[in-house]
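Take a look at the letters that make up each chain.
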Amino acid sequence: MKKCVLIVSMFLFCCLASAQEGAVLRSVEEKNKELQTLRKQGEARKLENRTGLTLSAPEVGFDYLWGSPSEIGSRKDFNVTQRFDLSTIVGSKRALSDARNRMVDELYGVERRRLLLQVRFLCVNMVYNNIRLQEMNRRLADADELAKVYASRLAKGDANVLEYNKAQLNRLLAAGRVRQVEVDAESLLSELVLLNGGDSIHFDAEQYEPISLPENQDSFYAEVEANNPQLHYAMAEVECGERQLRLNRTDACRRSLPGIWVSGSPTRI
């Protein structure tokens, strides 16, 4: 069952959207609060992943020596020490940072796809509800016409009160169905507005977009795989783990060796 739902979801996401649905998707992607938060968090994480890639701050030393005896004069020594991290030199940390940033991008892609797929399902339900509303309004118009006919016949004596009451009840039931569909439409629209960041949005499509099934399932699955952010995120996660392991090994080797220091010669003044 879950596999069928996943296949339907992938197929629905790969299908072309109508012009109106496309406008809805673009609006939601721009205004959705969750996606806005994820974008800001992603930028912050990328900056965090870049920390530690530059050289550490140099150390500056100063010594003031009083001459003894005073005839030899005082001496001032300045020295600068800079530590070089071997793993930074070979680029391991930078490669790991790039891998982590790709994970951030792919994670955003996963959440973006999930949200937009939710919007597409919502649009499909709204189209269905709009079609239902059309049909219920047609039935209500027929029920109104029938009620008028029986009211006229009752006035002329061609119908009895029972038939008249049945026609009125049928009209009330039809009006109740219309109202129920209108409530469903308002609920769906409210959900869409919420996904749109609270801004009003218009969607009144009453037709499904024609969908053609893929002729070649292998090429269809290959396309889905190439555009699947969940798979890309998993691959980026594996790459990040491998690079972290290599960096740990490099650090372990570095710790077993003396630190590399470059020092400026003391300057006497």
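Residues numbered from 1 in each chain as written. Predicted model: local features only at pLDDT ≥ 70, side-chain atom pairs only at ≥ 80, totals over all residues. Heavy atoms only, no water.

J.: What is the right way to look at the overall build of the chain in this model?
T.: The number of helices and strands found in the chain is 8 helices and 4 strands. N-terminal to C-terminal, the α/β element order of the chain is α-α-α-β-β-α-α-α-α-α-β-β. Across the 269 residues of the chain, 28% fall into the buried class. Within the chain, contacts between residues at least 6 apart in sequence are counted, and of these 79% link residues at least 24 apart. Surface exposure of the chain reaches about 18,000 Å², of which carbon and sulfur atoms provide 56%. (Helix = DSSP H or I, 4+ residues; strand = E, 2+ residues; numbered from the N terminus. Buried < 20%, exposed > 50% of the residue type's maximum accessible area, 1.4 Å probe, protein only. Contact = heavy atoms within 4.5 Å. Areas by Shrake-Rupley, 256 points an atom, 1.4 Å probe, with all protein chains shown as cover.)

J.: Hey, could you run me through the environment of Gly197 in this one?
T.: Note on placement: Gly197 falls in the loop between helix 6 (161–195) and helix 7 (217–226). Between the C-alpha atom of Gly197 and that of Lys33, which follows or precedes it by 164 residues, the distance is 5.5 Å. Excluding its chain neighbours within four sequence positions, the residues that come into contact with Gly197 are Lys31, Asn32 and Lys33.

J.: Would you mind going over the nonpolar core with me for this structure?
T.: The tendency in soluble globular proteins is for nonpolar side chains to be buried side by side. Residues Val24, Val28, Val119, Leu192 and Phe203 are the most contacted members of the largest nonpolar core, which totals 19 residues. With 8 residues, the single largest contributor to this core is helix 5 (residues 92–156). With residues up to four places along the chain from it excluded, the contact list for Val119 reads Val24, Leu25, Val28, Leu192 and Leu195. (Core = buried A, V, L, I, M, F, W, Y, C linked by side-chain atoms within 4.5 Å.)

J.: Can you help me understand the confidence of the model for the chain in this one?
T.: Do not read the fine detail of predicted coordinates wherever pLDDT is low. Per-chain confidence: the chain averages 79 in pLDDT, with 73% of residues scoring 70 or above. Counting interchain partners and residues more than four positions distant, the pLDDT-below-50 stretch residues 1–14 has 21 contacts. The model gives residues 259–269 a pLDDT under 50, and that stretch makes 28 contacts with residues more than four places away or in other chains. (pLDDT = per-residue confidence, 0-100.)

J.: Looking at this structure, how should I read the environment of Asn49?
T.: By the element assignment, Asn49 lies in helix 3 (residues 33–49). Given the relative accessible area of 16%, Asn49 is considered buried. A sequence separation of 52 residues divides Asn49 from Asn101, and the C-alpha atoms of the two residues are 7.1 Å apart. Apart from the residues within four sequence positions on either side, Asn49 is in contact with Ser97, Arg100, Asn101 and Val104.

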